[in-house]
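Overview (structure and organization)
One-letter residues, chain by chain:
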Amino acid sequence: MTKRELIKLIHKSMPNDDEGRIAMVFDLMVSEIKAAVGTGDTVTIRGLGVFRTSIRKARTINCGAGLMSKVFIATSVVVKFKAADDFRREVQHLAINEG
């Protein structure tokens with residue numbers, strides 16, 4: 001599902017609200033989540049999940065089979081999302097019923 005499809009779906013549930021306004025609120029929400037996570041905050045949305053950052057340590061990896069070369073990968077910040085238990089259960093239930 002794309003952002004556009006999601007906004008149209010929300011608009012069907014809220015026909016009195018302008019689709020452009022729904023998109024604006026959606027964009028604002030995503031922007032605020034990005035800003036908070038970008039500064040190291042954890043964002044918890046009950047029923048959906050938790051967004052947070054984690055530091056991935058620098059490491060050296062082998063580059064290809066049989067090659068003796070190694071590649072250094074610098075420390076980086078990664079964004080992690082952990083789905084809420086309710087969300088995970090609902091998705092699993094839907095997947096089992098459709099599969």
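Presented here is a report on the structure given in the accompanying data block. (Residues numbered from 1 in each chain as written. Predicted model: local features only at pLDDT ≥ 70, side-chain atom pairs only at ≥ 80, totals over all residues. Heavy atoms only, no water.)

**Comments concerning helix H2 (residues 19-38)**
Note the cut-off: Counting from the N terminus, the helices are DSSP H or I runs at least four residues long and the strands are E runs at least two residues long. Helix span, as expected, comes to 1.5 Å for every residue beyond the first. Whether two residues touch is decided by their heavy atoms; if any such pair falls within 4.5 Å, the residues are in contact. Two N or O atoms form a polar contact when they lie within 3.5 Å of each other; inside protein one atom must be a possible hydrogen donor and the other a possible acceptor, and for residues adjacent in sequence the pair counts only when both atoms belong to side chains.
End to end, H2 covers 28 Å across 20 residues, agreeing with the expected 28 Å (1.5 Å per residue, within 8%). Those residues of H2 that are buried are in contact with helix H1 (3-13), strand E1 (43-45), strand E2 (49-56) and strand E5 (76-83). For H2, the side-chain oxygen to backbone nitrogen distance between the N-cap and Gly20 is 3.1 Å, and the N-cap itself is Asp18. Where H2 terminates, the next one or two residues include Gly40, which has phi positive at roughly 95°.

**Considerations on the sheet that holds E2**
Quick reminder of the rule: Paired strands, in this sense, are two strands between which DSSP finds at least two bridges. To define axes, lines are fitted to C-alpha atoms, for helices over the stretch in contact only, and angles between the resulting N-to-C directions are given on a 0 to 180 degree scale.
Pairing is antiparallel across the open sheet formed by three strands, whose spatial order is E1-E2-E5. One side of each edge strand has no neighbouring strand; the edge strands of this open sheet are E1 and E5. Taking the axes of each pair of neighbouring strands and ignoring which way they run, one obtains an average angle of 25° across the sheet. Both E1 and E2 contribute to a ladder of three bridges, which runs antiparallel. Across the sheet, the residue bridging to Ile45 is Gly49, located in E2.

**Some thoughts on the environment of Val91**
What counts here: Buried residues are those whose accessible area, probed at 1.4 Å on protein chains only, stays under 20% of the maximum for their type, while exposed residues exceed 50% and partly exposed ones sit between those limits.
With respect to the helices, strands and loops of the structure, Val91 is situated in helix H3 (residues 85-98). Owing to a relative accessible area of 41%, Val91 belongs among the partly exposed residues under this scheme.

**Overview of the packing of aromatic side chains**
Aromatic ring pairs are reported here in terms of the distance separating the ring centres and the angle at which the planes meet. Threshold: Note on ring pairs: Phe, Tyr and Trp rings are taken, using the six-membered ring of Trp, and paired if centres are within 6.5 Å. Classes follow the plane angle, with under 30 degrees stacked, over 60 edge-to-face and the rest tilted.
For the structure on display, the rule yields one aromatic pair. Taking 4.8 Å as the distance between ring centres and 45° as the angle between the ring planes, the aromatic pair formed by Phe51 and Phe81 counts as tilted. One end of the pair, Phe51, is in strand E2; the other, Phe81, is in strand E5, with 30 residues separating them in the sequence.

**Overview of the pattern of salt bridges**
Heads up, the condition is: What counts as a salt bridge is simple: a side-chain nitrogen of Lys or Arg found within 4 Å of a carboxyl oxygen of Asp or Glu.
This structure, assessed with the given rule, holds five salt bridges. A salt bridge links Asp85 to Arg88, with the nearest nitrogen and oxygen atoms 2.6 Å apart. Remark: Arg88 and Asp85 occur in helix H3; sequence separation between them is three residues, near one turn of the helix. Asp85 gets classed as partly exposed once you look at its relative accessible area, which sits at 44%. We note a salt bridge from Asp86 to Arg89, for which the minimum N-O separation is 2.8 Å. Here Asp86 pairs with Arg89, and both are found in helix H3, just three residues apart, close to one helical turn. For Asp86, a relative accessible area of 49% puts it in the partly exposed group. Taken together, the shared-partner salt bridges in this structure form one network comprising Arg4, Lys8 and Glu19.

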